[in-house]
Amino acid sequence: MIKNDLFLKALRGETVERPPVWMMRQAGRYLPEFIALRDKYDFFTRCQTPELAAEITVQPIRRIAPDVAILFSDILVIPQAMGIEVLMKENFGPFLPNPIRTIQDVEKVIVPDIQETLGYVMDAIKLTKEMLNDEVPLIGFAGSPWTIFCYAVEGKGSKSFDMAKGFCFTHPEAAHVLLQKITDTTILYLKEKIKAGVDAVQIFDSWGGMLSPVDYQEFSWKYINQIVEALADETHVIVFGKGCWFALGEMGKSRASALGVDWTCSPRNARYLSGGNITLQGNFDPSRLLSPIPTIKKMVHEMIDEFGKDKYIVNLGHGILPNIPVDHAKAFIDAVKEYNQ
């Protein structure tokens, strides 16, 4: 049994003394021990070496003690496994030298054997579970099919993903074939992660907010919901769509255990839009961690008051930024632990 199961209680909608807390990208560049490994090993070496991935996953548990760990990996290991080359360029981010631009390109993309292509992730999970020693639960994650599609078509990060959207609107049939292949791969991948020992999974729809509400249903939510349906009987699924407040109503009717919210949607609106029943996660502005520590603590307590302590997981509204001082990150976690004391 997991000693600290606050996170799982919140996902089940049970009453808690205080909400659980973790941070997206908590195993990240704000930690000096993370930087030390980053300077030694390139990005995908860290993802693909179970000992490194496991060590990076537990670093924040030792340092700032959140209530849950999230496996260190990347959403782009999925396209890599599907035969799409992905490079991580220094000071640039992801770069895909052969983006998907034609129907022929789509046909070449495979739905891979997960153990063969991504077995290293499962090894990292098993190792991490050993290191965590049942202290806290472990989250596994994947990008949403739409978000992966954006990188696969665009070939790199973008402010607006015009090429990805253009492909959907000029070649809708080919776009749906690619989205379905990504969905099928993601379901297989997450099922293996569950078998390997993760306690919950999160789907990151980082670029969902690029789509209009109507297009979101067709090109993103439809595929996310297939994943939710495929996994809901096996584990807790959290769906986080950045900028997707307009879809909270639809998401709230799904079999997801929780919905992530970003900082542009107030707690009150998030509760209202999601139907008021589902567990919510979020939504502190990551930049706000640059505020003085007393301000952070005050704002965190106000945020908990607004969301309500039950059916709520305290988090940021997106990933923690590299320039956040460690003591500020710790103050965020501590503020939640001090709530109601």
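Residues numbered from 1 in each chain as written. Predicted model: local features only at pLDDT ≥ 70, side-chain atom pairs only at ≥ 80, totals over all residues. Heavy atoms only, no water.

**Q** Outline the UniProt feature "binding site: substrate" (unreviewed entry) in the protein, listing residues and values.
**A** With numbering matched to this structure, UniProt assigns "binding site: substrate" (unreviewed entry) to Arg-25, Gln-26, Ala-27, Gly-28, Arg-29, Phe-44, Asp-74, Tyr-151, Ser-206 and His-318. An extended arrangement is adopted by the annotated residues: their sequence extent is 294 residues, and the largest C-alpha distance between any two is 23.0 Å. Turning to its location among the elements, Asp-74 is positioned in the loop between β1 (69–70) and α5 (77–81). For Asp-74, a relative accessible area of 17% corresponds to the buried category. Here Asp-74 is in contact with Phe-43, Cys-47, Met-88 and Phe-141, once residues within four sequence places are set aside. Looking at Asp-74, its side chain comes within polar contact range of the main-chain nitrogen of Leu-76, at 2.9 Å. (UniProt positions renumbered as here; feature names shortened; annotations may be inferred. Helix = DSSP H or I, 4+ residues; strand = E, 2+ residues; numbered from the N terminus. Buried < 20%, exposed > 50% of the residue type's maximum accessible area, 1.4 Å probe, protein only. Contact = heavy atoms within 4.5 Å. Polar contact = N/O pair within 3.5 Å; in protein donor to acceptor, adjacent residues only side chain to side chain.)

**Q** Run through the packing of helix α7 (residues 114–132) against helix α10 (residues 172–196), naming residues and quoting values.
**A** As a packed pair, α7 and α10 sit with axes 9 Å apart at the nearest point and diverge in direction by 35 degrees. Judged by the sense of rotation from one axis to the other, the crossing of α7 with α10 is right-handed. Facing α7, whose interface residues are Ile-114, Gln-115, Leu-118, Val-121, Met-122, Ile-125 and Lys-126, α10 presents Thr-185, Leu-188, Tyr-189, Glu-192, Lys-193 and Ala-196. Looking at the contact of α7 with α10 residue by residue, the class counts come to eight nonpolar, two polar and three charged. (Axes fitted to C-alpha atoms, helices over the stretch in contact; angles between N-to-C directions. Left-handed = near helix turned anticlockwise from the far one by under 90°. Nonpolar A, V, L, I, M, F, W, Y, C, P; charged D, E, K, R; others polar.)

**Q** Provide a residue-level description of the packing of helix α8 (residues 145–154) against helix α9 (residues 162–170), including the pertinent values.
**A** Where α8 meets α9, the closest approach of the two axes is 8 Å, and the angle between their N-to-C directions is 100 degrees. Compared by their axis directions, α8 and α9 come out roughly perpendicular. Of the residues in α9, those touching α8 at Trp-146, Phe-149, Cys-150, Val-153 and Glu-154 are Asp-162, Met-163, Ala-164, Lys-165, Phe-167 and Cys-168. Of the residues in the contact of α8 with α9, the class split is eight nonpolar, no polar and three charged. (Parallel < 35°, antiparallel > 145°, perpendicular 65-115°, else oblique.)

**Q** An account of the side chain of Asn-315 is needed here, citing residue identities and associated values.
**A** With respect to the helices and strands, Asn-315 occurs in strand β9 (residues 312–316). Not counting residues within four places of it along the chain, the set of residues in contact with Asn-315 comprises Trp-22, Met-23, Met-24, Gln-281, Gly-282, Asn-283, Phe-284, Met-303 and Phe-332.

**Q** Could you give an account of the nonpolar core, with specific residues and numbers?
**A** Counting 124 residues, the largest nonpolar core has Phe-7, Met-23, Phe-149, Tyr-189, Val-239 and Phe-332 as the members making the most contacts within it. Residue contributions to this core peak at 10 residues, all from α10. Not counting residues up to four positions away in its chain, the partners in contact with Phe-7 are Pro-20, Trp-22, Asp-67, Val-68, Pro-137, Ile-139, Ala-200, Ile-238, Gln-281 and Ile-313. (Core = buried A, V, L, I, M, F, W, Y, C linked by side-chain atoms within 4.5 Å.)

**Q** I'd like a description of the sheet that holds β1, backed by residues and values.
**A** On the basis of which strands lie adjacent, the open sheet formed by seven strands has the order β1-β4-β5-β6-β7-β8-β9 and parallel pairing. Lying at the two open borders of the sheet, with one neighbouring strand each, are β1 and β9. As paired elements, strand β7 (residues 258–260) and strand β8 (residues 279–284) share three bridges and run parallel to each other. Paired with Leu-259 across the strands is Leu-280, a residue of β8. (Pairing = 2+ DSSP bridges.)

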